Amino acid sequence: MKAYTIAHIPGDGIGKDVTEAGWEVLQAAAKRGGFALEDTRFPWSCAYYLETGAMMPPDGVEILRKFDAIYLGAVGWPAKVADSVSLHGLLLPIRKGFTQYANIRPHRLLPGVQGPLRREGFDILCIRENTEGEYCGAGGRIHSGTANEVAIETAIFTREGVERILRFGFEQARTRRKQLASVTKSNAQKHSMVFWDEVTREVAKDYADVEVSHYHVDAIAARMVLAPESLDVIVASNLFGDILTDIGAAIQGGLGYAASANINPDRSAPSMFEPVHGSAPDIAHLGVANPIAAIWSGAMMLGHLGEGQAAAEVMSAIESATARGVGTIAGKDGTEAITQAVLAGLS
Ligand code: IPM
Ligand code: MN
């Protein structure tokens, strides 16, 4: 039997609740599909930090390298560990260390989910650059704590980085409605964003079958609210993609539905699959977290592993649960009820 090895990092807060649910669903899908998913659980989290002084061991990234994929819940417990420490100690080093340069986030309404917009439907795939740009970490502070303190955070865009994320976006657009929206702010940011626009025009020459639109980030933010059905694939920088995907999550009904995949398209290292929502410490372990984003992220993991049919089966199990009204209204159904409804679609 074909077996895949999964590094399972539940992380903090509701990360544990939702990946436990997701893992149960993934096991059911594997059983049906005739393959095995074998997980190794890693306790790396803020609790681990408080015990050991680090979010993961110094060779953590290397330990993960041998796995076929990584399934992650959420990272963060800001009351005890500063977010800037926990995220730079676990999530971000994995994304960068494994060159998971494409952060893919699907935004569409599941059947039965209304969302806050008066809209019938939309189907957007946001592709966020995940390794450089505004979140590359270049910068520093001098004269700390004094009146003339200076803080510099430099965004770095490389030709390789910009070109590869755009190519990835064009390839995705080809499998969908063949429309690509490239997002910049080139009217105000005259270096990096003008460069991004230029690279978009160059790469577009290789994809004459895809219709390209250039948007400023403020304008596309409004469009995602006012006319989301007019958008197909969106490609954006790390910061812009981060913000736009929270809008995407909001219009699809909330973060409880927002799935994501951090993909290394070259497959030179494992990819990582995680719901977009954070650890939500206030509702941790109360049994109320919506596991759909984590289950959907798991379906994306199956697709990436080459188990397309199992991925489709998990998606249709999610959709048949929401179509029956389970998990469609925030707080109405708990984690377990939603998980059982999804599992029913896989039995
Ligand atoms: C996300 C999150 C992270 C990000 C944070 C927690 C660093 O907001 O995955 O969207 O911005 O990448
Ligand atoms: Mn975010």
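Because the structure is predicted, anything quoted here is derived from the model rather than measured. (Residues numbered from 1 in each chain as written. Chains lettered and ligands numbered in written order. Predicted model: local features only at pLDDT ≥ 70, side-chain atom pairs only at ≥ 80, totals over all residues. Heavy atoms only, no water.)

Let us look at the domain arrangement of the protein chain. Domain boundaries assigned for the protein chain yield domain 1 (1-100 + 263-347) and domain 2 (116-251). Computed from C-alpha coordinates alone, the two centres of domain 1 and domain 2 are separated by 25 Å. Opposite the six residues of domain 1 that make contact, domain 2 presents nine residues. Both faces considered, domain 1 and domain 2 share a buried interface measuring about 660 Å² in area, 57% of it formed by carbon and sulfur atoms. Run the count over domain 1 and domain 2 and you get zero salt bridges. (Domains from an automatic or database assignment. Contact = heavy atoms within 4.5 Å. Buried area = accessible area lost by both parts, 1.4 Å probe. Salt bridge = Lys/Arg side-chain N within 4 Å of Asp/Glu carboxyl O.)

With that out of the way, let us pick up unusual backbone geometry. Residue His-143 is not a glycine yet carries a positive backbone phi of 55 degrees. Accessibility expressed as a relative area gives 41% for His-143, which makes it partly exposed. Not every positive phi belongs to a glycine, and Lys-178 is a case in point at roughly 60 degrees. Checked against the element boundaries, Lys-178 lands in the loop between helix 5 (159-174) and strand 8 (179-184). For Lys-178, a relative accessible area of 33% puts it in the partly exposed group. (Buried < 20%, exposed > 50% of the residue type's maximum accessible area, 1.4 Å probe, protein only. Helix = DSSP H or I, 4+ residues; strand = E, 2+ residues; numbered from the N terminus.)

The strand order 2-1-3-12-11-4-5-10-8-9 describes an open sheet built from 10 strands, whose pairing is mixed. Sheet topology places strand 2 (35-41) and strand 9 (211-216) at the edges, where each strand pairs with a single neighbour. Taking each pair of neighbouring strands and ignoring which way they run, the sheet shows an average axis angle of 25 degrees. Across four bridges, the pairing between strand 5 (residues 123-129) and strand 10 (residues 233-236) is parallel. Residue pairing for strand 10: Ile-127 is matched across the bridge by Val-235. Where helix 1 (residues 14-33) meets the sheet, it contacts strand 1 (2-11), strand 2, strand 3 (69-74) and strand 12 (271-275), and its direction lies at approximately 155 degrees from that of strand 2. Against the sheet, helix 4 (residues 83-97) makes contact with strand 1, strand 3, strand 4 (102-108), strand 5, strand 11 (259-263) and strand 12, and its axis sits at roughly 140 degrees relative to strand 12, the strand it touches most. (Pairing = 2+ DSSP bridges. Axes fitted to C-alpha atoms, helices over the stretch in contact; angles between N-to-C directions.)

This paragraph deals with the nonpolar core. Membership of the largest hydrophobic core comes to 86 residues, with the highest contact counts inside it found for Leu-37, Ile-234 and Leu-244. For this core, the domains that each give at least three residues are domain 1 (1-100 + 263-347) and domain 2 (116-251). Sequence-distant contacts of Ile-234, defined by excluding residues within four places in its chain, comprise Ile-124, Leu-125, Cys-126, Ile-127, Ala-181, Val-183, Ile-220, Met-224 and Leu-244. Counting residues in each nonpolar core, the second largest holds 21 residues, with Phe-42, Trp-44, Cys-46 and Ile-70 among its members. (Core = buried A, V, L, I, M, F, W, Y, C linked by side-chain atoms within 4.5 Å.)

Next up on the list: the packing of aromatic side chains. Two aromatic rings, taken as a pair, are described by how far apart their centres are and by the angle between their planes. Summed over all chains, the structure comprises six aromatic pairs. Here the aromatic rings of Trp-23 and Tyr-71 are separated by 6.4 Å at their centres, their planes lie at 40 degrees, and the arrangement is tilted. Remark: Tyr-71 occurs in strand 3 and Trp-23 occurs in helix 1; sequence separation between them is 48 residues. Judged by relative accessible area, which is 0%, Tyr-71 ranks as buried. For the ring pair Phe-42 and Trp-44, a centre distance of 4.6 Å and an interplane angle of 40 degrees mean the geometry is tilted. Put simply, the rings of Phe-42, Trp-44 and Phe-67 touch in pairs and so form one group of aromatic residues. (Phe/Tyr/Trp six-rings, centres within 6.5 Å; stacked < 30°, edge-to-face > 60°.)

Under the 1.5 Å per step criterion, the end-to-end length of helix 8 (residues 238-251) is 20 Å for 14 residues, consistent within 8% with the ideal 20 Å. Where helix 8 is concerned, the buried positions are Asn-238, Phe-240, Gly-241, Leu-244, Thr-245, Ile-247, Gly-248, Ala-249 and Ile-251. (Expected span 1.5 Å × (residues − 1).)

Applying the stated criterion across every chain, the model contains 18 salt bridges. Here Arg-176 and Asp-232 are joined by a salt bridge, their closest N and O atoms 2.8 Å apart. One end of the pair, Arg-176, is in the loop between helix 5 and strand 8; the other, Asp-232, is in the loop between helix 7 (217-226) and strand 10, with 56 residues separating them in the sequence. By relative accessible area, which is 2% here, Asp-232 ends up buried. Ionic pairing is found between Asp-333 and Lys-332, a salt bridge with its closest N-O pair at 2.9 Å. Taking relative accessible area as the criterion, Lys-332 reaches 46% and is therefore assigned partly exposed. Connected through salt bridges with shared partners, the residues Asp-123, Arg-176, Arg-177 and Asp-232 form a single ionic network.

On to the site of ligand 1, then. The environment of ligand 1 is made up of Leu-87, Arg-95, Arg-105, Arg-128, Tyr-135 and Asp-242. In this structure, Arg-105 approaches ligand 1 through a side-chain N or O atom, which is 2.8 Å from an oxygen atom. A distance of 2.7 Å separates an oxygen atom of ligand 1 from a polar atom in the side chain of Arg-128. Because more than half of its atoms lie within 2 Å of the grid, ligand 1 is assigned to the largest pocket. Partitioned by chemical class, the residues of the shell around ligand 1 number two nonpolar, no polar and four charged. (Near = heavy atom within 4 Å. Polar contact = N/O pair within 3.5 Å; in protein donor to acceptor, adjacent residues only side chain to side chain. 1 Å grid on protein atoms, 1.4 Å probe; cavity = no way out; pocket = protein on both sides within 12 Å on 5 of 7 lines; lining within 4 Å. Sits in = over half its atoms within 2 Å of the grid points. Nonpolar A, V, L, I, M, F, W, Y, C, P; charged D, E, K, R; others polar.)

The subject of this paragraph is empty space enclosed by the protein. Here the structure, examined in full by the defined rule, presents one cavity of 30 Å³ or more. Of the volumes computed, that of the largest cavity is approximately 50 Å³. As for the largest cavity, its lining consists of Leu-92, Arg-95, Lys-96, Arg-128, Asn-130, Tyr-135 and Asn-238. Looking at which element gives the most residues to the lining of the largest cavity, the answer is helix 4, with three residues. For the lining of the largest cavity, the two domains that each supply at least three residues are domain 1 (1-100 + 263-347) and domain 2 (116-251). (Points joined across faces, edges and corners; volume = space filled by probe spheres on them.)

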